[in-house]
Every structure is written in C-alpha cells, then in structure tokens.
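Single-letter residue listing:
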Amino acid sequence: MKVTPQPIPEVLLIEPRKFGDARGFFSEVWKRSALREAGLDAEFVQDNHSFSAERGVLRGLHFQRPPTPQGKLVRVVRGAILDVAVDVREGSPSYGNHVAVELSAENWRQLWVPRGFAHGFVTLTADCEVLYKVDAEYDPATDAGIAWDDPDLGIQWPLPPGGPVLSDKDRKAPRLRDIAPPFPKGFRS
C-alpha cells in the first residue's frame, strides 16, 4: 500500500495494490497496521455509500464541527470523481486551501480527508458509486458546510455545460468567510 502526503500533508493519497489473475482481482483496501505506519491511525465507526446517476452531481463541501468531527477515507468503486478537501482549521498555514484528486474505479486510489477539513466531490461519470469510511458517526447537530463555489477557495470543478446537480442544502451553503471558523486554533486533525 503506497501512502503519499498531498500539498497539505495531513491529506493522504492511498494507493492499495491489486493482485489480478484470470478470476479477477484481490486488494487490501484498508489495513490498519500499514496505514498506522504511514501516520493514519483512525478507528472507523461507519461506512457510507453514495450513488449518483449522472455526471456533474456535486456533493459538498461538508464537515462536522467539534465535538463530533469526522475524518473520511474515500474511494470510488464505479465511475470517477474529483474529490476535494479544504482546510478549515483556524490558524493553519493552509487555512482555506484545498487538495483536489481524481479518484476512480480504474485508478483504485483513496483519499484520507482528516478532521478539520471540509469535503466534497463532483462526479466525472454517470452511474458513480463512492464509498467512504468515517471515524465518527453522523451528527446532525454538528453537520455544516461551505459553498462549493466560494470564489475565495479557487476550486476548479470540472462541470458539465449545464452546471452541477446540487442538493438544496449545498445550494444554500455560506462562504467560508461568512462563518465563524469551524475548527478553533490549536485543533489537531
């Protein structure tokens, strides 16, 4: 399993090995000891699975505030997405910056989005399925988000000509500058 820190080093690109033969393939997509050795020591408590029927479905940018922040390990089992993690930790040298990585069933990559980051993705293909493990259960009381199109973030979303398909919640999300910092100074991922 290859683990590569991204330009914001707490965000990790994980590339599990695939072993194939005439029957198909086998892959260890999560191995606690290998990931712990690479600096990712998460205890996952919930698996999530999303399906998007069309290209251009944009989900995010979501996070959970303390006391129930979530770290997410994201992978694609059908189709492809552009996966985005935005640092929303007040006082962080990368506050408001993001990492964007293409994840697909073909490239078999995963992205670790740590606590203290907003997360979102846009589908690059139709019939896209995304699985993600989280290290805290969903908590509607701390659920929050920021605008996917916040110009201060500078995210270049690859959108279809008609624009993204959004939920009402994501359509109404505020800009980062219009909310109190969701993760106070000194918060550790």
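Worth saying up front: this structure is predicted, and the values here are computed from it rather than measured.

The rules behind each value
Residues numbered from 1 in each chain as written. Predicted model: local features only at pLDDT ≥ 70, side-chain atom pairs only at ≥ 80, totals over all residues. Heavy atoms only, no water. Helix = DSSP H or I, 4+ residues; strand = E, 2+ residues; numbered from the N terminus. Core = buried A, V, L, I, M, F, W, Y, C linked by side-chain atoms within 4.5 Å. Buried < 20%, exposed > 50% of the residue type's maximum accessible area, 1.4 Å probe, protein only.

### Some details on unusual backbone geometry
The bulk of non-glycine residues show a negative phi, and the bulk of peptide bonds are trans. Residue Leu61 is bonded to the preceding Gly60 through a cis peptide linkage, with omega at 10°. Summarising the element assignment, Leu61 is placed in strand E6 (residues 58-64). The peptide bond linking Pro66 to Pro67 adopts the cis configuration, its omega dihedral lying at 20°. Along the chain, Pro67 falls in the loop between E6 and strand E7 (72-78). For Asp127, which is not glycine, the phi torsion reads 50° and is therefore positive. For Asp127, the position within the fold is in the loop between strand E11 (117-123) and strand E12 (128-134).

### A closer look at the nonpolar core
Counting residues in hydrophobic clusters, the biggest one holds 19 residues, and the most contacted among them are Leu61, Val86, Ile146 and Trp157. Val74, Ile81, Val101 and Val134 belong to the second largest nonpolar core, which has 18 residues in total.

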